[in-house]
Amino acid sequence: MNHKYTQFFILFLFCSTSIFAQIRIDNQIPFQSDPAKQYSVYVPSSYDENVPNKLMLGLHPFNTNRWNSVSWCDTLIAFAEANDLILICPDGGADGKVDDPIDTAFTTFIMDSTLIWYNIDESKIFAMGFSWGGRTTYTYGLNNVEKFAGFMPIGAAINGTNEVNGIIQNAENKPFYLVHGNNDAPANRYFPVLNALNANNACTQTNLMSGV
């Protein structure tokens, strides 16, 4: 299936389900070199196609025995429902990493499709992720900063500021809510990027959790 046909296929799927509220979609489509690229979507019960809605991109952790788009969507449904968020969770593929080039391209594809076929408030699009997904919240988010109103990296699997060097300046005036456990190498995975965000005039709030 070529890219043009693939795009039509997924856009049709989104369009055909957009008139209903509280929908869960777990599906796969051919995309680039992957014949079955997976994704999950949740539409909250509050969804109204006549009103612009909030959207959250959810990026799953790196552990192919536990995490993929389906299990991560399962984890976030209660949060999405409570906060009236349409939730989209792309899958990291066979290696479980959501920041490979095919994965970031697919994330953009899914997001663009969602904007077309659901009524989305483009000023209220957010990105969040846990562990490797937290890392990707930084890298994908800062490389596409114009798409997002705010970011929530949780337990980001980063090495100091290595992953954000050259893009951290894009954080200026953007809200970041950093969540991290103080048992998870905060001297390397938390404080350096927090200091870098503050140095680049990001708007930061934090939750460094004791005993986690």
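Values in this document were obtained by computation on a predicted structure and should not be read as measured data.

Rules used in this analysis
- Residues numbered from 1 in each chain as written.
- Predicted model: local features only at pLDDT ≥ 70, side-chain atom pairs only at ≥ 80, totals over all residues.
- Heavy atoms only, no water.
- Helix = DSSP H or I, 4+ residues; strand = E, 2+ residues; numbered from the N terminus.
- Rg over C-alpha atoms; globule rule 2.2 N^0.38 Å.
- Buried < 20%, exposed > 50% of the residue type's maximum accessible area, 1.4 Å probe, protein only.
- Contact = heavy atoms within 4.5 Å.
- Lys, Arg positive; Asp, Glu negative; His and termini not counted.
- Charge placed at Lys NZ, Arg CZ, Asp CG, Glu CD.
- Salt bridge = Lys/Arg side-chain N within 4 Å of Asp/Glu carboxyl O.
- pLDDT = per-residue confidence, 0-100.
- Right-handed = clockwise from strand over helix to strand, strands pointing away.
- Pairing = 2+ DSSP bridges.
- Axes fitted to C-alpha atoms, helices over the stretch in contact; angles between N-to-C directions.
- Expected span 1.5 Å × (residues − 1).
- Core = buried A, V, L, I, M, F, W, Y, C linked by side-chain atoms within 4.5 Å.

The helix and strand tally for the chain stands at six helices and eight strands. Tracing the chain from N to C terminus, the helices and strands come up as α-β-β-β-α-β-α-β-α-β-β-α-α-β. Taken over C-alpha atoms, the radius of gyration comes to 17 Å for the chain, in line with the 17 Å a tight globule of 212 residues would show. When its C-alpha atoms are laid out on the principal axes, the chain stretches across 45 × 35 × 30 Å. Here the chain, with 212 residues, has 48% of them falling under the buried criterion. A separation threshold of at least 6 residues defines the contact pool for the chain, and within that pool the share at least 24 residues apart is 69%. Where the 11 positive side-chain charges of the chain centre and where its 19 negative ones centre are 3 Å apart.

Our focus in this paragraph is the pattern of salt bridges. Taken as a whole and assessed by the stated rule, the structure comprises seven salt bridges. Overlapping salt bridges, with partners in common, bring together Arg24, Asp26 and Asp74 in one network.

Let's shift gears to unusual backbone geometry. Phi at Asp84 takes a positive value of approximately 55°, unusual for a residue other than glycine. Along the chain, Asp84 turns up in the loop between helix H2 (69–82) and strand S4 (85–90). We classify Asp84 as partly exposed; its relative accessible area is 34%. Backbone geometry at Ala185 places phi at a positive 45°, although glycine is not the residue there. Take Ala185: it is sitting in the loop between strand S7 (175–181) and helix H5 (186–189).

Overall, the predicted model of the chain reaches an average pLDDT of 91, with 90% of residues at or above 70. Under a pLDDT of 50 for its full length, residues 1–20 has, in the predicted model, 35 contacts with residues more than four places off or in other chains.

We now examine the pairing of strand S6 (residues 150–154). Across the five residues that make up S6, a large majority, four, are buried. The parallel pair strand S5 (residues 120–130) and S6 is bridged by helix H4 (residues 132–143), and the resulting crossover is right-handed. Bridging between S6 and S7 involves two bridges; their strand directions are parallel. Its bridge partner being in S7, Ile154 is matched across the sheet by Val179.

Another point: the environment of Asn144. Secondary-structure assignment places Asn144 in the loop between H4 and S6. According to the relative accessible area criterion, Asn144 is buried, its value standing at 14%. Counting along the chain gives 111 residues from Asn144 to Ser33, while the straight-line C-alpha distance between them is 23 Å.

In a beta sheet, neighbouring strands pair by backbone hydrogen bonds and run either parallel or antiparallel. Sheet architecture is open: eight strands sit in the order S1-S2-S4-S3-S5-S6-S7-S8, paired in mixed fashion. Two strands close off the open sheet at either side, each with one partner strand: strand S1 (23–31) and strand S8 (203–209). Across the sheet, the mean angle from the axis of one strand to that of its neighbour is 15°, orientation sign disregarded. Most of the contacts of H4 go to S5, to which it runs at about 140°, and overall it touches strand S3 (53–59), S5, S6 and S7. Each of S7 and S8 is contacted by helix H6 (residues 191–199), which is oriented at about 165° to S8, the strand it contacts most.

Turning next to helix H3 (residues 101–117). Every α-helical turn comprises 3.6 residues, leaving residues that sit three or four positions apart pointing alike. For H3, which comprises 17 residues, the first-to-last C-alpha distance of 25 Å matches the rise-based estimate of 24 Å (1.5 Å per residue) to within 8%. Among all positions of H3, only Ile102, Asp103, Phe106, Thr107, Phe109, Ile110, Met111, Ser113 and Thr114 are buried.

The next subject is the nonpolar core. Ranked by internal contacts, the top residues of the largest apolar core, which has 44 residues, are Leu57, Tyr138, Phe148, Phe176, Leu178 and Leu197. With five residues, H3 is the single largest residue contributor to this core. Setting aside anything within four residues of it in sequence, one finds Phe148 in contact with Leu57, Met111, Ile125, Phe126, Ala127, Tyr140, Gly141 and Lys174. Grouped together as the second largest cluster of nonpolar side chains are 13 residues, Met56, Trp72, Leu85 and Met128 included.

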